[in-house]
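Examination of the molecular architecture
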Amino acid sequence: MIVDAVRTPVGRRGGVLAHWHPTDLLAQTLRCLLDRVDIDEDAIADVIIGCVMQNGDQAGNLARWAALGAGLPESVPATTIDRQCGSGQQAIHFAAQAVRAGDYRFALAGGVESMSRVELGPLFNPAAGPGPWYGERSLHRYDGNLGAQGPAADVVARKWGLARTQLDDFSARSHERAAAATAAGHFASQLVPVTGTDGATVSGDEGIRANLDRVKIAGLAPVFADDGLITAANASQISDGAAAVLIASRDAAAQAGLPVRATIRAMAVAADDPQLQFTAVIPAAHKALQQAGLQMSDIDRVEVNEAFACVPLGFQQAFDVADDRLNVNGGSIAVGHPLGSTGARMMTDLVVELERSAGHYGLLVICEGGGMANATIIERAG
């Protein structure tokens, strides 16, 4: 069961949250979540946190230090995990799986990434060549053709028959929907208070553009190839942020007198061609739907991470998802994509959106570096 979920506003790289140490940003998020629920904090079995770039300020198992910074008892352990862009979602899966197995009654899950404060490295720089993490054997298996996600997004967009105009239109829609959701207050209940660089409380996501220049978007040069389709406008933003979710068994929540907001019905992970990187979202969704005994037509809200616009568009084609069910409040193109926290941020938004719209089932799917993907199906409580 998901008892509650919160997130910080998302800041641009070098923006309003850049002065926050990621451990402190996560500690603030965990503390705000715990302050919203009446729970014996000694009962929390573990804190599981996603973080991708575990170097510099994000090294050293920051989950443990954030848990202590949040005031949790010293007896509560914590660990930091990396499943690339789906790390925050995988943290939720690990927590929920331990609860389902009966090993835990309560667990905290979530994610954090301060892309302002760590070295981005070859993960974001195709010119730097293959990352040092591949090793000789995997590189040999793929003839050295392993690299950054950006060039792969160009290949996948063409593979799925997507045009530059489709990518740009989807990206503009992401901003328009996120701006409308912000103006309508749809995000307000999920945001934790954090201060910006000017000392004022940050009340919204920094990257959302309410007024878009469509001509400027169309005129942007491709980033990864002269004849490419991917631009700065139809890719996710580089960002800072944190999110946290409290997971419990149904019995534990009931015994503690805690209302629950959603039930996790299915959790799946899949992998596909690491050169293409983005195609595993399709088998991951199929696995989750099969586990839950559902069809895509049963899902009221579908959230597909907007790492690049081609990913949700290709997913939409594969499953024939209607526009009014897909990323209804925008996504990472507009809100931003602090890698380790995005899965938990999107889960938080999905819980809130199902409540707002009185929807029943929600599906969250995130593509991940190395050609992997996570998928989760939740059911609104009540």
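Each value, and the rule that gives it
- Residues numbered from 1 in each chain as written.
- Predicted model: local features only at pLDDT ≥ 70, side-chain atom pairs only at ≥ 80, totals over all residues.
- Heavy atoms only, no water.
- Salt bridge = Lys/Arg side-chain N within 4 Å of Asp/Glu carboxyl O.
- Helix = DSSP H or I, 4+ residues; strand = E, 2+ residues; numbered from the N terminus.
- Buried < 20%, exposed > 50% of the residue type's maximum accessible area, 1.4 Å probe, protein only.
- Expected span 1.5 Å × (residues − 1).
- Contact = heavy atoms within 4.5 Å.
- Phe/Tyr/Trp six-rings, centres within 6.5 Å; stacked < 30°, edge-to-face > 60°.
- Lys NZ or Arg CZ within 6 Å of the ring centre and 35° of its normal.

1. Description of the pattern of salt bridges
This structure, assessed with the given rule, holds 14 salt bridges. With its nearest N and O atoms 2.8 Å apart, the salt bridge here joins Arg7 to Asp205. Highlighted residues: Arg7 in strand E1 (residues 2–7) and Asp205 in the loop between strand E7 (201–202) and helix H7 (214–219), separated in sequence by 198 residues. On the basis of relative accessible area, Asp205 is assigned to the buried category, the value being 10%. Residue Arg301 is joined to Glu353 by a salt bridge in which the shortest nitrogen-to-oxygen separation is 2.8 Å.

2. So, helix H1 (residues 22–36)
Across its 15 residues, H1 extends 22 Å between first and last C-alpha, which sits within 8% of the 21 Å expected from 1.5 Å per residue. The inward-facing, buried residues of H1 contact E1, strand E3 (44–50), helix H2 (62–69), strand E5 (106–114), strand E6 (194–195) and strand E8 (239–248).

3. Quick look at the packing of aromatic side chains
By convention here, two paired aromatic rings are described through the distance between centres and the angle between planes. All told, the structure shown has three aromatic pairs when counted by the stated rule. Ring centres of Phe278 and Phe308 lie 5.5 Å apart, and the angle between their planes is 75°; this geometry places the pair in the edge-to-face category. Note that Phe278 is positioned in the loop between strand E9 (262–271) and helix H9 (281–292) and Phe308 in the loop between strand E10 (301–304) and helix H10 (310–319), a separation of 30 residues in sequence. Across this residue pair, the class does not change: Phe278 and Phe308 are buried. Seen from the ring of Phe187, Arg7 lies directly overhead, with NZ or CZ sitting 5.1 Å from the centre.

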